[in-house]
Amino acid sequence: MALPGWLIAAEPPLVLTPPESEERLEAPASVGIVPEASDEAIAARLERILVATGWYEQPAVTVDEGVAFLYGQARRQNHRQWAGDLARSTQDVVAVVNHLELIEPSIWDLSPALSGLNELGRTVLRSLPYVLFSLLLLALAWSLGVLVTRLLCWTTKTSKRNNLLKDVVARGGGVLVFVAGLYSVFHVAGLTNVALAVLGGTGLAGIALGIAFRDITENFLASIFLSAQNPFRTGDLIEVGKTRGFVQSMTIRATVLMTLDGNHVQVPNATIYKSDITNFSANPNDRMEFGVMIGLNDSITDTQAIGLAVLAGHPAVLENPEPWVVAEEIRNAAVLIKLSFWFDSRKTNGQQLRSALIRLTKRALMEAGMTIQAEQRQYVEPIADGPAEESAAAMTVSEAETRPEGEVIRNQAALAPMPEKGENLLDE
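Caption draft 1: Representation of the packing of helix α2 (residues 39–53) against helix α3 (residues 77–88). At a minimum axis separation of 11 Å, α2 and α3 run at an interaxial angle of 150 degrees. In terms of orientation, α2 and α3 fall into the roughly antiparallel class. As for the relative orientation of α2 and α3, their crossing is right-handed in sense. Seen from α2, the contacting residues are L46, I49, L50 and T53; seen from α3, they are W82, A83, L86 and A87. Among the residues making up the contact of α2 with α3, the classes are represented as seven nonpolar, one polar and no charged.

Caption draft 2: Just the pairing of strand β6 (residues 243–250), in detail. Here β6 lies mainly inside the structure; six of its eight residues are buried. Of the strand pairs in this sheet, strand β5 (residues 237–240) and β6 are connected by four bridges, and their pairing is antiparallel. Bridge assignment links V240 to a residue of β6, and that residue is T243. Between β5 and β6, which pair antiparallel one after the other, the connecting turn spans two residues, and G241 there sits at a positive phi close to 65 degrees. Count of turn residues in the β6/strand β7 (residues 254–259) antiparallel hairpin: three residues.

Caption draft 3: Examining the pattern of salt bridges more closely. The tally for this structure, following the rule as stated, stands at ten salt bridges. R331 is paired through a salt bridge with E329; the nearest N and O atoms lie 2.9 Å apart. The partly exposed category is assigned to R331, whose relative accessible area is 29%. The residue E367 makes a salt bridge to R363 at a minimum N-O spacing of 3.1 Å. Here R363 and E367 lie together in helix α10 (residues 350–367), a separation of four residues that amounts to about one turn. Taking relative accessible area as the criterion, E367 reaches 38% and is therefore assigned partly exposed. A single salt-bridge network, built from bridges that share partners, covers R287, E289, E328 and K338.

Caption draft 4: Layout of the pairing of strand β11 (residues 324–331). When β11 meets strand β12 (residues 334–344), the two strands line up antiparallel, connected through seven bridges. Opposite A327, over in β12, you have I337 as the bridge partner. Adjacent in sequence and paired antiparallel, β11 and β12 are bridged by two residues, among which N332 carries a positive phi angle near 55 degrees.

Caption draft 5: Seen up close, the sheet that holds β6. The antiparallel open sheet is built from five strands, whose spatial order is β8-β7-β6-β5-β9. The open sheet terminates on both sides in strands that have one partner only, identified here as β8 (264–268) and β9 (277–279). When the angles between neighbouring strand axes are averaged without regard to direction, this sheet yields 40 degrees.

Caption draft 6: Looking closely at the side chain of D344. With respect to the helices and strands, the residue D344 is situated in strand β12. Excluding residues that lie within four positions of it along the chain, D344 makes contacts with P284, N285 and L318.

Caption draft 7: Structural detail: unusual backbone geometry. N320 connects to P321 through a cis peptide bond whose omega is 0 degrees. Looking at where P321 falls in the secondary structure, it is placed in the loop between α9 (300–313) and β11. The phi dihedral of E65 is positive, around 55 degrees, even though this residue is not glycine.

Rules used throughout
Residues numbered from 1 in each chain as written. Predicted model: local features only at pLDDT ≥ 70, side-chain atom pairs only at ≥ 80, totals over all residues. Heavy atoms only, no water. Axes fitted to C-alpha atoms, helices over the stretch in contact; angles between N-to-C directions. Helix = DSSP H or I, 4+ residues; strand = E, 2+ residues; numbered from the N terminus. Parallel < 35°, antiparallel > 145°, perpendicular 65-115°, else oblique. Left-handed = near helix turned anticlockwise from the far one by under 90°. Contact = heavy atoms within 4.5 Å. Nonpolar A, V, L, I, M, F, W, Y, C, P; charged D, E, K, R; others polar. Buried < 20%, exposed > 50% of the residue type's maximum accessible area, 1.4 Å probe, protein only. Pairing = 2+ DSSP bridges. Salt bridge = Lys/Arg side-chain N within 4 Å of Asp/Glu carboxyl O.

And the structure:
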């Protein structure tokens, strides 16, 4: 019997694409029965297969002239699709009309959730060995990081480098070892791309924090560089910009100076690092000078000899570098004689020594009959026996204490609380 034209030309019913959560079921390529099987045999064979799967409610199959009609209810869309594919691949089936209906699940059906939990549990169990191995590897990386940090601390213990620099190097080495271990953990877990993203994100986070806390980061880095370069030490007299004082301490934020007036000044480390630093204590030998004006009729040579004798005769004046006396210029009706000398700033107070030398030079010149002249051409007449008010001693009572300024400042600093808290990063 010929098939109706509407059946031959009809397209198979529209089959909805199964949800992503459902796996597509592949039907066999063909189902053999017997050559030129009857419609009844085809229907019976297909119906037995559908019943055997247990996926369908009241499945029924009828075949008429090679056209298979499927009836019943399917629990899932992929089951419905599978039944249609099965019928199409069956021998001697020329067309399939799929009347299988989908069973609407109850709103209280928890089977999808239970299935998801079951799959999650399986995934966790499958991942458990990797998790345990990763934790072991992470603990090993942490232990190695601590070991490397302590080893670097021990190896740099005898180094003359600053404590901050040694601590940063040691901790940096430990962090690198731990980061390498962390990368290995991600790599073992098959998350290499995630590891690279995390490391890259860490770098970006560091950049973002560096921008947000620019001043803090700048001062911290400057403290590391200053510790490595050691441009000054505790107790040194330095000048940064317009600030001059003795170094009291340096923290990771600022350097504390005590000025010659006894005031604390906190200078940010970044400012010090970017500024010109004058260290007056780098060389313990310091040079000072003073001038005296004599009349035009006085001998410059004799004045130089007298001044040089005064400088050379004082015990606090160094022989090397040697002192010198020069005629610097002629001013009005006078000649300016400049006397220059060196002294050890660790042992002698320069201002007190200069005072003593001015006093002794004045006495010596007036005893020699020289005319000491001021800018306003006021003359002081020479006294044959020397001025009684001037002492011939190298040091008077007011000049007797020649303690270095650094010692005086240290004593004053001990009386004042330190304004910048934290460990002193400078070598004593």
